[in-house]
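Residue strings, one per chain:
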Amino acid sequence: MLTRVFREFLLPFCTALGVVLGGAIIGSISSLITFGSPLETMHTLAKEIRIWALVVAIGGTFSTIRIIESGIFGGQVIALFRQLVVIGGAFCGSYLGYWIIMTLMEAKEL
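Residues numbered from 1 in each chain as written. Predicted model: local features only at pLDDT ≥ 70, side-chain atom pairs only at ≥ 80, totals over all residues. Heavy atoms only, no water.

## A few points about the nonpolar core
In step 1: The biggest cluster of nonpolar side chains holds 16 residues, and the ones touching the most others in it are Val 20, Ala 24, Ala 46, Ala 90, Ile 101 and Met 102.
In step 2: Going through the elements one at a time, α1 (2-27), α3 (38-58) and α5 (77-109) are the ones with two or more residues in this core.
In step 3: At 7 residues, α3 tops the list of elements feeding residues into this core. (Core = buried A, V, L, I, M, F, W, Y, C linked by side-chain atoms within 4.5 Å. Buried < 20%, exposed > 50% of the residue type's maximum accessible area, 1.4 Å probe, protein only. Helix = DSSP H or I, 4+ residues; strand = E, 2+ residues; numbered from the N terminus.)

Listed below in C-alpha cells is the structure:
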C-alpha cells in the first residue's frame, strides 16, 4: 500500500521538478544569445513556470477536478486521496525545482 502511494506521489513530483528545472535552465539560454542576464532570466522563468509545472504534472485540470468531485460527492474516498497525493507531489516537485534554482543563483552571486 505504501509503495503504491509513493509511486503515485513520485511521478508528478519528478515531472513538476523537471518542468521547473528544465524550463528555467534551458530558457535562460535565450539570455546568452541576446546578451541579457541569464541569472535574472532563470529567476523569472522559475517563478513563472511553477504554476504551469503543477498543471503539467497533474495531467490537466478537468480530469483532476472531476475525480475530486466524485470523491467528495460520490463517496469515493480512495480516488480523492489519490488525487490529493498527486497534487501534493506536484506542489512539492515544483517548489523543490524553484528552491534549487534560487539556491544556485545565490551561490553564483557570492
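Let us keep going from here.
## Notes on the packing of aromatic side chains
In step 1: In total, this model carries 1 aromatic pair according to the counting rule given.
In step 2: Seen from their ring centres, Phe 9 and Phe 13 are 5.7 Å apart, and the 20 degrees between their planes marks the pair as stacked. Highlighted residues: Phe 9 and Phe 13, both in helix α1, separated by 4 residues, approximately one helical turn.
In step 3: The partly exposed category is assigned to Phe 9, whose relative accessible area is 25%.
In step 4: The exposure class assigned to Phe 13 is buried, which follows from its relative accessible area of 17%.
In step 5: Between Arg 50 and the ring centre of Tyr 98, over which it is positioned, the NZ or CZ distance is 4.1 Å. (Phe/Tyr/Trp six-rings, centres within 6.5 Å; stacked < 30°, edge-to-face > 60°. Lys NZ or Arg CZ within 6 Å of the ring centre and 35° of its normal.)

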